[in-house]
Every structure is written in structure tokens, then in C-alpha cells.
Amino acid sequence: MIRMDETPYRRAYNLGEEIVPDYVYDRMGLNEIDDSIGVGEWVEHKHKMLSLSTAFCNLEKITATEIHEIGVPYLSEYVISAKVDGVAVSLQVNGGKYRLVSRGRRIAGWVVHPTFLKRIKPLKQQLPDNVELRGEFLLHKKDFEELNLLYDKKFANARSLVSAMLNSKTHDERVVDKMFVLWHGIQGISRNKSHLEELQQYVDKADIVPYEIVQSNKIGLACRRLYKHFHSLDYACDGIIFECSCKDEYDDRIHLDRIAFKQFDEAKYSAESIVTNISWKQGNDGHYFPRLEIEPIVINGVEVSYTAGYCYDYLQRMGISIGSVVIITMHGGVIPYVSTVKTGGSEELNLPENIAPIKKGDIDIWSVDSVKKQ
């Protein structure tokens, strides 16, 4: 078993090595919030602040076919932007004054200390009451390296340090003065263009995440090139974002779909092991589901000793049995699964007693729902 403080979620904050939802990451290991100044007060977003749908893949080798298989529709052109690795905030108007709100729980977030408003450049025009700008607080790589030397307990990455500042009771002005915002979204407008183009009504292009408009016949090459470029920037980027614009045939409005692609090196999150046992647990519907016990391995610093077997049919199709040599991969850097079976085992599945095949049509087969009591 993995101790609670060694789970992938906790490691995300302490070591900066795992992939977790932003709202979990942003609240890890943080100091007490100063309620006397309103920080920590939960307020509703005027528009839901949803995390993007994210696909994990090797962006250095991705092809157009893979991009479309993941879910990017076939269009004439796309807006591809950098997926910056900062701490998400929303800028909104409240009673005629600006305030920053964290992502929080999508519908509502906590109010960020007003001192961070000074890190936002003046807008080109007043933000309407119903409009919100979405962005990320960041640090330049060199600034983070220098600032991190000031602390006895080192921060894993710039995002950890920024998150601590945004949520801490006290603020280190040396850090605050180096923080900056890049904007990537706008909500509450009648949209005629992409997020990044619409943002330029209110902020300079230099304060928007870098992006490029790409023709459909070049998306594979463009993804590989842009990821390499974005990754070389002087602030943290861990992927790219596709923004797909579709015009509604009935009302001429622009509807957007945004899909994030995050770099995932399978070799870093994979290791070889052996299936030592298969245990079965009965669900409420009477079906049994297998769990694979494996020789303990360490993947990116996390010990893994078991993984899901899903169902009997899965074990049969994959050729998994006790003694099988398998490759365990952490899906998305978090969830272990069998990605490859290198060699078969003893064919022993340690099946529970009193089970029978489930009939499908006229043929007796083991259902993909697994096995069931007689």
C-alpha cells in the first residue's frame, strides 16, 4: 500500500512529478488563509471554470491521425496555444472593483488576496460585470531558480511556489514582485472569434499565452514544432491546447471546443513486473472482478503492488495469468494498468468457487462483465 503522504496527489505538491486536477494541486500543502481580509471567502464564478479535457501523449512524435483519434474534429484551421503550467485564476468585477478568484471547485472559488492585483497590467477597457478573464500566474524559470535558494525547504517547481504565495496568510514580496499573468480565456461575451483573439479587446497580445493559427493539413507537424518551441520558453509549459471554432448554422454564433494535449513519456511511467496472484471481488450485481497482485515495483518514485484486472474476458484477451511478465504503465502518470504482456504465465487465474459462464445468445462464453455465481 502507498502511504497517504506518498500518494500521487500528495507527491504532486511535494515533488512536482505527478499529474492531478488543478483544484487538488492548488490546495495542497498550503498555509492558513487570512480570513480577516476576505481571502478564503468562497464566491461563485459568473461562468463555470472548468478544467480542460486532457489527452496524454508523446507530443514529440504525435501525428495528425492520432490528433483526430483523440477527438479533435476535422476543420479547415485551428488555434494552437501553449499549455502553460501555472496557477489558474479568474479576473472579475464585483461592485465596480476587480478581484481575482481561484479555480476552486469549478462553480465557485476562493478570493485571492488583493495584493496580487498589482501584478496585472491595466486593461485596455473596463471589464463588463458579466465578463471574466481566465489566466495563469507564473514565474520565469530563472526567477524561480533564484527565489528557491531563499528557502530552506525547497519548492519542487515554480507552480508550487506561486500556489503557496497565492494561498498563504503572509506573502513574500520578493516572490510576488516577480509573478506575472498570461491570459488564455474569456467568458461572458457573444463570441465571433477564438478565446485568444477575443482577449485582445482587453489585454495586449504580449500578455496572452503564445498561439498560432494552423491549417488542417499541417497540424501534425505544427504540434511537434510548437510543443518544442513552447517547451523552450522561459516559463513552464507542459503541453499544447487545440481550440476548435465551429459556427452554428442556425444562429451564426461561434461554438468552441478546447482540448489539451499534455506531454507524457511512457518510458518514464512504466516498469516490468510479474503477476504473483489474482484475487477476485464480488460486486453488488453478483459478478466477480479480478485484481492483479504483482511484485512491487517503483514507477517514478511511487511503489505499485497491484493493478486492476477489469474482468475475466480482459485476462483472456491479454493472456494474463499468475506468473505472467507484464509492463505496468501509470495512465496519465497516476493510474497503473497492464500496457503489455511480455510472456504468458501458468494460465492459473485463481478463480473463485461456484461460478459459471454467462450465456450470450446461443454460445456459452465468459462475459466481459466477468463471472457470476451459479
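Before reading on, note that the structure itself is shown above.
Peer 1: Can you tell me about the overall build of the protein, naming the residues and giving the values?
Peer 2: What the protein contains, in helices and strands, is 9 helices and 20 strands. Within the span of the protein, comprising 374 residues, buried residues form 48% of the whole. A fraction of 66% describes how many contacts in the protein between residues 6 or more apart in sequence connect residues 24 or more apart. For the protein, the accessible area works out to roughly 19300 Å², and carbon and sulfur atoms hold 48% of it.

Peer 1: Hey, could you go over the pairing of strand β4 (residues 87–94) for me, with residue numbers and the actual values?
Peer 2: Buried residues dominate β4, accounting for 7 of its 8 residues. Bridge analysis of β4 against strand β5 (residues 97–102) gives 6 bridges, and the strand direction is antiparallel. Considered in β5, the bridge of Ser 90 is made with Val 101. Here β4 folds back onto β5 in antiparallel fashion, the turn holding 2 residues, of which Gly 95 has a positive phi close to 65°.

Peer 1: Can you break down helix α4 (residues 141–148) residue by residue, with the values?
Peer 2: Within the sequence span of α4, burial applies to Asp 143, Phe 144, Leu 147 and Asn 148. In an axial view of α4, the angular spread of the buried residues amounts to 125°, which keeps them on one side of the axis. Facing away from the buried surface of α4 by more than 90 degrees, the exposed residues are Lys 142 and Glu 145. Looking at the packing, one finds that the buried side of α4 touches α5 (158–167) and α6 (173–176).

Peer 1: For unusual backbone geometry, give the residues involved together with the corresponding values.
Peer 2: Here the phi dihedral of Glu 347 falls at roughly 70°; this positive angle occurs in a residue that is not glycine. Position of Glu 347 among the secondary structure elements: in the loop between β16 (335–343) and β17 (355–356). The residue Asn 350 is not glycine, and still its phi comes out positive at about 55°. Tracing the sequence through the fold places Asn 350 in the loop between β16 and β17.

Peer 1: Can you lay out the packing of aromatic side chains for me, pointing to particular residues and giving the numbers?
Peer 2: Per the stated rule, a full pass over the model turns up 7 aromatic pairs. Aromatic side chains Trp 42 and Trp 110 sit 5.4 Å apart centroid to centroid with 70° between the ring planes, which places their arrangement in the edge-to-face category. Remark: Trp 110 occurs in strand β6 (residues 108–110) and Trp 42 occurs in strand β1 (residues 42–44); sequence separation between them is 68 residues. For Trp 42, a relative accessible area of 43% puts it in the partly exposed group. Through successive ring pairs, a cluster of aromatic residues spans Tyr 78, Phe 242 and Phe 261.

Peer 1: Tell me about the nonpolar core, and name the residues and values.
Peer 2: By size, the foremost hydrophobic cluster in this structure holds 66 residues, and its most contacted members are Leu 133, Phe 242 and Phe 261. Not counting chain neighbours up to four residues away, the residues in contact with Phe 242 comprise Ile 67, Val 72, Tyr 78, Val 79, Ile 80, Ile 219, Cys 223, Asp 257, Arg 258, Ile 259 and Phe 261. By size, the runner-up hydrophobic cluster in this structure holds 23 residues, among which are Ala 271, Ile 278, Cys 311 and Ile 328.

Peer 1: I'd like to hear about the sheet that holds strand β7 (residues 132–138), residue by residue, with values.
Peer 2: Read across the sheet, 4 strands follow the order β5-β4-β7-β8 without closing on themselves; strand pairing throughout is antiparallel. This sheet does not close on itself; its edge strands, each paired only once, are β5 and β8 (180–187). Averaged over all adjacent pairs, the angle separating strand axes in this sheet is 30°, with direction ignored. In the sheet, β7 pairs with β8 via 7 bridges, with the strands oriented antiparallel. Residue pairing in the sheet places Glu 136 in a bridge with Leu 182 of β8.

Peer 1: Pulling in residues and values, what's your account of the pattern of salt bridges?
Peer 2: All chains considered together, the criterion is met by 12 salt bridges. Put simply, Lys 118 and Asp 177 hold a salt bridge, and the shortest N to O gap is 3.8 Å. In this pair, Lys 118 sits in the loop between β6 and β7 while Asp 177 sits in the loop between α6 and β8, placing the two residues 59 residues apart along the sequence. By relative accessible area, Lys 118 is classed as partly exposed at 46%. With its nearest N and O atoms 3.9 Å apart, the salt bridge here joins Arg 258 to Glu 243. Here Glu 243 lies in strand β10 (residues 237–247) and Arg 258 lies in strand β11 (residues 254–263), a separation of 15 residues in the sequence. One connected set of salt bridges, linked through shared partners, spans Lys 83, Asp 238 and Lys 262.

About the criteria used
- Residues numbered from 1 in each chain as written.
- Predicted model: local features only at pLDDT ≥ 70, side-chain atom pairs only at ≥ 80, totals over all residues.
- Heavy atoms only, no water.
- Helix = DSSP H or I, 4+ residues; strand = E, 2+ residues; numbered from the N terminus.
- Buried < 20%, exposed > 50% of the residue type's maximum accessible area, 1.4 Å probe, protein only.
- Contact = heavy atoms within 4.5 Å.
- Areas by Shrake-Rupley, 256 points an atom, 1.4 Å probe, with all protein chains shown as cover.
- Pairing = 2+ DSSP bridges.
- Arc of directions from axis to C-beta.
- Phe/Tyr/Trp six-rings, centres within 6.5 Å; stacked < 30°, edge-to-face > 60°.
- Core = buried A, V, L, I, M, F, W, Y, C linked by side-chain atoms within 4.5 Å.
- Axes fitted to C-alpha atoms, helices over the stretch in contact; angles between N-to-C directions.
- Salt bridge = Lys/Arg side-chain N within 4 Å of Asp/Glu carboxyl O.

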